[in-house]
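Spelled out, the chains give:
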Amino acid sequence: MNWTGFWSLALTRSTYGARPPPKPNRPTFHSRSGSPLPQSTGPMPFPSATVDSGPWSGVGSPPRNCSSTVYQPLGDINLDIGDPNVAYTAETYERELDLETATVKVKYALGAVKFTREHFASNPHQVIVTRLSANVSGSLSFMVSLDSKLHHYSQVNDANRIIMEGSCPGERIPRKSDANENPKGIQFSAVLELRISDDAGAIKIVDGKKLKVEGTSWAVLLLAASSSFDGPFTKPSDSKKDPTSTSLDILNSIKNLSFSELYSYHLDNYQKLFHRVSLQLSKGSISIHKEQKLSLSSDTNIKSLDTGRTRVKGNVLQGREKIMLSTSTYTEEYNEDVISTAERVKSFKDDEDPSLVVLLFQYGRYLLISCSQAGTQPSNLQGIWSEDIEPAWDAAPHLNINLQMNYWPALSCNLRECQEPLFDYISSLAINGSKTARVDYEASGWVTHHDSDIWAKTSPDQGDPRWALWQMGGAWLCTHLWEHYTYTMDKDFLENKAYPLLEGCTFFLLDWLVEGHGGYLITNPSTSPEHHFIAPNGKLASVSYSTTMDMAIIREIFSSVISAAEVLGRTNDNLVEKVRKAQLRLYPTKISRDGSIMEWAQDFEDPEVRHRHLSHLFGLFPGHTITLEKTPDLCKAAAYSLYKRGEEGPGWSTAWKIACWARLHNSEHAYGMVKHLIILVDPDHEASFKGGLYSNLFAAHPPFQIDANFGFTAAIAEMLVQSTERDLYLLPALPHDKWASGCVKGLKARGNVTVNICWKEGKLHEANLWAENQNSHRRLHYNGTVSVVRFSVGTIYTFDGQLKCLKMCSLSKAAIS
């Protein structure tokens, strides 16, 4: 078989995400096109009377043209490898991602020579690192270059560096037009440094912009990239940042570090986060091993794998890709018995392999660590893995579920640091949102609508009001602030970061509420995100008043503000007094004639009962106003609402349904949705809004969106541990017959309580719990048994299956196995 390989790794910065995933997406270093757009242009004409008693279609598109800018890939590292006259041993091609180490390895053989490529993205040193090697000295040759779909220029600098400089369009370009036509936006730079072995090989310059390596034993590629983006309040034309100098400084700072040293720093930095949580699931009895290895491979041709656009000229080759969760090192021998990714996902409907659930759970944690660290931008629709110049929905942060879901696993799955970019982003939104509140609504505080971008856009888009006219985006984000405090008990964060943002949000909500029928406080106009109803006149409409989601989010914010004020000793503040009074008058959640939760204030007919959004169930999850203990009737109605919505829907909707069923302690339906998500999707024959997984375990909308991967991880945690500020539930939605035995360690509960649980034959065997920074009382729940526990800081409490405390020991002295 003759071949020539052309392999391209897209550029990723500030993450561990430099894995080349299979089609349809790959990791990228991104930049934003465009400049900051005007946040507001004048008050919007919202005639409340028209949406109080009809006509329901009286409010049209917001009179704006403030669409968000686009999240775009910076470019690619192109590797041209191989000789078309050399036979390639197709069955030796293997590619693997190890979640334990956040590294990718590619292996293949040409005759007797075995070649290896290793990749990782170093967060501590801000570089992508690639090592190419061969087991026979002097047998490695290739060509490397940099490329971009954006306006750019590249050249070799010195004997071993390629510099690519470019710019994003200064204004949003029309779809399908050439990005090179308007090169006036954010400037960017990528610098590639090439190192080769001392014993053999040479580097040559080709065409002034490529480097050719001949006859070496190994080579290391170091990629640093930067942009002139200097925050959402600095125009690109005003930025003083020099991305090329920044990139060169990064490379110069690591000139004395070897591949092994860079890898060691990377591993230490990554595993401090990843190793906090472990999970084992089994259908039968299991023993807990020190080493666990799960592998995932894709038995498909190299072209369709497209992990960073692997391309093969000539005959199609067969290869394997696997994702591994392993504490062991890579094996050097090729494994012929690896089951393909596609086959594992396909067979799940029959074998229901619990290890695939574990892998998908940890995959979500790996992805969040990879894309959201201090100094990065918050995760968006496709995240750093978006590959398109014109990505679906601009790969923007969407605030009516998607951005929030991306951060659902951060707290319960012990990755609290990963929320830092989100909180920085909320701070920026609050600044722009104060202008939007003042100009558009003549209100105090701040507001954000459903669609934003890197410039922290807060104004509504021009478009269908069912998605464009929604004032709760910022308020929903603010619920994450209070949640962060309840999990971490970080009073400094609450006082200096969270409370000021919550205050501003609350000021807007108080001004936005108006008195309606019966003296209730309502929102008017109001929409339920992306959904229509049938108005009394028989026509489709989307704008009414006091949708259930509006009121649920407001309840959550008001409750958070009151609780935060109590912690901070500010209960006598005028704002808190206003919130207490308003809280009692909020329009209530109602049950419709058919027994489901009403999505709108009136019992309108729903033209799409299986709609993807679960907006009216916000109070159940992620909110806390619909609970089994306090509102059993609403829980019954919520269950029927979930039944009406059905199982179909995009990946993120499926993940949301898992979490909602878990909150209802319904393990059967929660697991049913787990099974529904693990369905293989062919990217060449996908159906919109049907969900499922691609062969690389990325969740499908379709098209691809990253949110469901995060939502799934959070939902699995919700099945195993739930908590409020006073209660902690062990195994509340465990599917006993599917995961009969298992062990989870390191999950977090509110109150900064760490939870380790083991169960056997579907029953709790043992639980270890400890609080890290505050003494507290908790009601511990399991299978109808309740035990009141007083946690003392630094003490580990061990409970049996009847919640009897077996022993207590000091955290500093204990060895948690």
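The structure reproduced in this document is the subject of the present report. Once a new chain begins, its residue numbering starts again from 1 and follows that chain's sequence as written. It should be noted that, the model being predicted, local features are given only for residues of pLDDT at least 70 and side-chain atom pairs only at 80 or more, the latter also being counted only at that level, while totals for whole chains, interfaces and linings use all residues. The side-chain numbers reported here are obtained from all heavy atoms of the structure, hydrogens and water having been left aside.

1. Looking at the overall build of the protein chain
Secondary structure elements are taken from DSSP: a helix is a run of H or I of four residues or more, a strand is a run of E of two residues or more, and numbering for both begins at the N terminus. Secondary structure assignment for the protein chain yields 17 helices and 33 strands. Each residue's exposure class comes from its accessible area (1.4 Å probe, protein chains only) as a fraction of the maximum for that residue type: buried when under 20%, exposed when over 50%, partly exposed otherwise. In the protein chain, which comprises 817 residues, the proportion classed as buried is 63%. Contact between two residues is taken to exist if any of their heavy atoms lie within 4.5 Å; hydrogens are not considered. Long-range pairs, those at least 24 residues apart, make up 69% of the contacts in the protein chain with a sequence separation of at least 6. Each accessible area is a Shrake-Rupley result for a 1.4 Å probe, and residues are judged covered by the shown protein chains and nothing else. Surface accessibility of the protein chain: about 29800 Å² in total, with carbon and sulfur atoms responsible for 48%.

2. A short note on the pairing of strand 5 (residues 89-98)
Among the ten residues of strand 5, eight are classified as buried, and the element is accordingly described as predominantly covered. We treat two strands as partners when DSSP finds at least two bridges between them. Looking at chain direction, strand 5 and strand 6 (residues 103-110) are connected through six bridges and run antiparallel. Paired with E96 across the two strands is K105, which belongs to strand 6. Linking strand 5 back to strand 6 in an antiparallel pair, the connection comprises four residues, with A102 at a positive phi of about 55 degrees.

3. Digging into the sheet that holds strand 28 (residues 753-760)
Judged by pairing direction, the sheet is antiparallel, and its six strands sit side by side in the order 16-27-28-29-32-33 without closing on themselves. Each end of this open sheet is capped by a strand with a single partner; those strands are strand 16 (278-282) and strand 33 (805-810). Neighbour to neighbour, the strand axes of the sheet diverge by 15 degrees on average, direction disregarded. For helices, the fitted axis covers only the stretch in contact; all axes are lines through C-alpha atoms, and the angles between them, taken along N-to-C directions, range from 0 to 180 degrees. Seen against the sheet, helix 5 (residues 354-371) touches strand 16 and strand 27 (741-749) and runs at an angle of roughly 160 degrees to strand 16. Sitting on the sheet, helix 17 (residues 707-720) is in contact with strand 16, strand 27 and strand 28, with an inclination near 105 degrees to strand 27.

4. Considering the pairing of strand 9 (residues 140-147)
Here strand 9 lies mainly inside the structure; six of its eight residues are buried. Relative to strand 9, strand 4 (residues 76-81) runs antiparallel, the two being bridged by six bridges. Across the sheet, residue D80 finds its bridge partner in strand 9, namely M143. Inspection of the sheet shows strand 9 paired to strand 14 (residues 210-216) by four bridges, in the antiparallel sense. Looking at the pairing, M143 lines up with K212 of strand 14.

5. Regarding the sheet that holds strand 30 (residues 776-782)
Strand pairs in the sheet, formed through backbone hydrogen bonds, run parallel or antiparallel to each other. One open sheet accounts for four strands, arranged 25-26-30-31; its pairing is mixed. Of all the strands in the sheet, the pair left with one neighbour each is strand 25 (721-723) and strand 31 (785-791). Across the sheet, the axes of successive neighbouring strands diverge by a mean angle of 25 degrees, strand direction being ignored. As defined by bridge partners, strand 25 adjoins strand 26 (residues 727-730) across three bridges and the pair is classed as antiparallel. Note on strand 26: the bridge partner recorded for S723 is L728.

6. Examining the packing of helix 12 (residues 548-568) against helix 13 (residues 574-583)
Each pair of packed helices gets described by two things: the angle between the helix axes and the distance between those axes. Across the interface, helix 12 lies against helix 13 with an axial gap of 10 Å and an inter-helix angle of 140 degrees. It follows that helix 12 is oblique to helix 13 by the angle criterion. In this structure, the crossing between helix 12 and helix 13 has a hand that is left-handed. Where helix 12 abuts helix 13, its residues F558, S559, V561, I562, A565 and E566 lie against V576, V579, R580, A582 and Q583. In these notes the angle categories are as follows: under 35 degrees is roughly parallel, over 145 is roughly antiparallel, 65 to 115 is roughly perpendicular, and the rest is oblique. If you view the pair so one helix is near and one far, a crossing is left-handed when the near helix is turned anticlockwise from the far one by less than a right angle, and right-handed when it is turned clockwise.

7. Some thoughts on the pattern of salt bridges
For side chains bearing opposite charge, pairing can occur when the charged atoms are close. Salt bridges are defined by distance alone: a side-chain nitrogen of Lys or Arg within 4 Å of a carboxyl oxygen of Asp or Glu. Tallied over the full model, the rule gives 28 salt bridges. In this structure, D603 engages R593 in a salt bridge whose closest nitrogen and oxygen atoms are separated by 2.9 Å. In this pair, D603 sits in the loop between helix 13 and helix 14 (632-645) while R593 sits in the loop between helix 13 and helix 14, placing the two residues ten residues apart along the sequence. Judged by relative accessible area, D603 falls into the partly exposed class, the value being 28%. Relative accessible area serves as the criterion here: at 73%, R593 is assigned to the exposed category. Ionic pairing is found between R645 and D606, a salt bridge with its closest N-O pair at 3.5 Å. Placement of the pair is R645 in helix 14 and D606 in the loop between helix 13 and helix 14, with a sequence separation of 39 residues. For the pair shown, R645 and D606 are each scored as buried. Among the ionic contacts, a cluster of salt bridges with common partners joins R161, E193 and R195.

8. Quick word on the packing of aromatic side chains
Each Phe, Tyr or Trp ring (for Trp, its six-membered ring) is paired with any other whose centre lies within 6.5 Å, and the angle between the two planes then decides the class: stacked below 30 degrees, edge-to-face above 60, tilted in between. One pass over the full model with this rule turns up 29 aromatic pairs. Residues F533 and F604 carry aromatic rings whose centres are separated by 4.1 Å and whose planes lie at 10 degrees to one another, so their mutual orientation is stacked. Remark: F604 occurs in the loop between helix 13 and helix 14 and F533 occurs in strand 23 (residues 533-534); sequence separation between them is 71 residues. We classify F604 as buried; its relative accessible area is 10%. Aromatic ring contacts, followed pair by pair, group Y270, F274, Y363, Y366, W385, F698 and F704 into a single cluster. Placement of a charge over a ring requires the Lys NZ or Arg CZ to be within 6 Å of the ring centre, with the centre-to-atom vector within 35 degrees of the ring normal. Directly above the ring of F274 sits R365, whose terminal nitrogen or CZ lies 5.4 Å from the centroid.

9. What to know about the environment of K675
For K675, the position within the fold is in helix 16 (residues 667-677). Owing to a relative accessible area of 26%, K675 belongs among the partly exposed residues under this scheme. In the structure, K675 is positioned 17 residues away from G692 in sequence and 9.5 Å away in space, judged by C-alpha atoms. If near-sequence neighbours (up to four positions away) are discounted, K675 is found in contact with F348, K349 and E352. In this structure the side chain of K675 is engaged in a polar contact, spanning 3.2 Å, whose partner is the backbone oxygen of K349. Under this definition, polar contacts are N or O atom pairs within 3.5 Å; protein pairs additionally need one hydrogen-donor-capable and one acceptor-capable atom, and for neighbouring residues in sequence, both atoms have to be side-chain atoms.

10. Quick word on helix 15 (residues 651-663)
A helix's residues, less one, multiplied by 1.5 Å, set its expected span. The end-to-end C-alpha distance of helix 15, which contains 13 residues, comes to 19 Å, matching closely the 18 Å that a straight helix rising 1.5 Å per residue would cover. Helix 15 sits mainly inside the fold: 13 of its 13 residues count as buried.

11. Looking at the side chain of T486
With respect to the secondary-structure elements, T486 resides in helix 10 (residues 473-488). Only 2.8 Å separates the side chain of T486 from the backbone oxygen of E483, close enough to count as a polar contact. Contact partners of T486, with chain neighbours within four places excluded, come to E725, R750, G751 and N752.

12. What to know about the side chain of E118
Assignment of secondary structure puts E118 in strand 7 (residues 113-122). Residue classification places E118 among the buried positions, given a relative accessible area of 14%.

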